[in-house]
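Observations on chain architecture
If you want the building blocks of each chain, they are given just below.
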Amino acid sequence: MEELQGALQAGGLTVSNFPDKGRSLVTTRDFYPGEVIISQEPYVCVPNNSRCDGCFTDTNLKKCSACQVVCYCGSVCQKLDWKLHRLECQALSKLDKERRKSVTPTIRLMVKLYLRRKLQNEKVISVTATDNYNLVEALVSHMLDIDEKQLVLYAQMANLVNLILQLPEISIKEIAENFSKVFIILLS
Ligand SMILES: [Zn+2]
Ligand SMILES: [Zn+2]
């Protein structure tokens, strides 16, 4: 977090805690109208329907010939995504056809999140102050605020993610908590 504060301070921003709002990003200097305050690549992202996994265009799409799940508009996007998709592709290809159909964008998002963490741990993908799993870890899961029906849904989704990943170091509970983190952002 200290590294993050350093990176933010250079851009006139800081993370502060407020009793009524919780953790917040605040400015430490004035900004001009139209000035970009912050620009950040998502840790992971997945298009909602048939779009290129790299640039999100919906034209000229071709399915990855190995997994038949992920689409690309061409070899440029496919190559840029290959470090991560190589692992995802292997995992998806092991599933039988019926199971593969149940892999929704939300499931893929969680699978990619853990695969990206793995690649950053192994230094295959570089880690920076604003691009690391600790920032995902620091998000609040609000597990105590959600009802039982929602918890059951997260547990079911976490089960599928666990089955796809086959990584013994990750627990279903941890995956369910991450779903809760991600959905709180989507719904708030
Ligand atoms: Zn593309
Ligand atoms: Zn593939």
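Residues numbered from 1 in each chain as written. Chains lettered and ligands numbered in written order. Predicted model: local features only at pLDDT ≥ 70, side-chain atom pairs only at ≥ 80, totals over all residues. Heavy atoms only, no water.

With that settled, the discussion passes to the UniProt feature "domain: MYND-type" (unreviewed entry) in the protein chain. As annotated in UniProt, the feature "domain: MYND-type" (unreviewed entry) corresponds to residues 52–89 in the numbering used here. Across residues 52–89, the secondary structure splits into 37% helix and 11% strand, with the terminal C-alpha atoms separated by 15 Å. (UniProt positions renumbered as here; feature names shortened; annotations may be inferred. Helix = DSSP H or I, 4+ residues; strand = E, 2+ residues; numbered from the N terminus.)

Turning to the domain arrangement of the protein chain, a few remarks are in order. For the protein chain, the assigned domains are domain 1 (1–39) and domain 2 (40–187). If you average the C-alpha positions of domain 1 and of domain 2, the two centres end up 28 Å apart. With 7 residues of domain 1 in contact, the opposing surface of domain 2 contributes 8 residues. For the pair domain 1 and domain 2, the two sides together bury roughly 560 Å², of which 66% comes from carbon and sulfur. Broken down residue by residue, the surface that domain 1 buries against domain 2 is led by Leu4, Arg23 and Ser39, which jointly contribute 59%. Linking domain 1 with domain 2 are 0 salt bridges, by the criterion used here. For the interface between domain 1 and domain 2, the tally reads 1 residue pair in polar contact (both at pLDDT 80 or more). Per-element tally for the side of domain 1 that touches domain 2: the top contributor is helix H1 (residues 2–10), with 3 residues. Here the residues of the side of domain 1 that touches domain 2 are counted per class, giving 4 nonpolar, 1 polar and 2 charged. (Domains from an automatic or database assignment. Contact = heavy atoms within 4.5 Å. Buried area = accessible area lost by both parts, 1.4 Å probe. Salt bridge = Lys/Arg side-chain N within 4 Å of Asp/Glu carboxyl O. Polar contact = N/O pair within 3.5 Å; in protein donor to acceptor, adjacent residues only side chain to side chain. Nonpolar A, V, L, I, M, F, W, Y, C, P; charged D, E, K, R; others polar.)

The next subject is helix H3 (residues 82–93). Along H3, the positions that sit buried rather than exposed are Leu84, His85, Leu87, Glu88, Cys89, Ala91 and Leu92. Contact partners of the buried residues in H3: strand S4 (71–72), helix H4 (97–101), helix H5 (105–121) and helix H7 (148–165). (Buried < 20%, exposed > 50% of the residue type's maximum accessible area, 1.4 Å probe, protein only.)

The subject of this paragraph is the coordination of the zinc ion (ligand 1). Protein coordination of the zinc ion (ligand 1) is provided by Cys52 (SG), Cys55 (SG), Cys73 (SG) and Cys77 (SG), with donor distances spanning 2.3 to 2.4 Å. Because the angles between the 4 donor atoms bound to the zinc ion (ligand 1) fall within 105 to 114 degrees, the donor set is best described as tetrahedral. The sequence pattern describing where the donors of the zinc ion (ligand 1) fall on their chain is C-x2-C-x17-C-x3-C. Here the residue cysteine 52 occupies a position in the loop between strand S2 (22–27) and strand S3 (62–63), and cysteine 73 occupies one in the loop between S4 and helix H2 (75–80), the gap between them amounting to 21 residues. Residue classification places cysteine 52 among the buried residues on the basis of a relative accessible area of 0%. (Donors = N, O, S within 2.8 Å, 3.2 Å for Na, K, Ca; no water. Tetrahedral: all angles 85-135°; square planar, octahedral: opposite > 155°, others 65-115°.)

Here we take up the coordination of the zinc ion (ligand 2). Within the protein, the zinc ion (ligand 2) binds to Cys64 (SG), Cys67 (SG), His85 (NE2) and Cys89 (SG); these donor distances fall in the range 2.1 to 2.3 Å. Viewed at the metal, the 4 donor atoms of the zinc ion (ligand 2) are separated by angles of 105 to 117 degrees, and the geometry they form is tetrahedral. Read N to C, the donor residues that coordinate the zinc ion (ligand 2) are spaced as C-x2-C-x17-H-x3-C. Of this pair, cysteine 67 sits in the loop between S3 and S4 while cysteine 89 is found in helix H3, placing the two residues 22 residues apart along the sequence. The pair cysteine 67 / cysteine 89 is uniform in exposure class, with both members buried.

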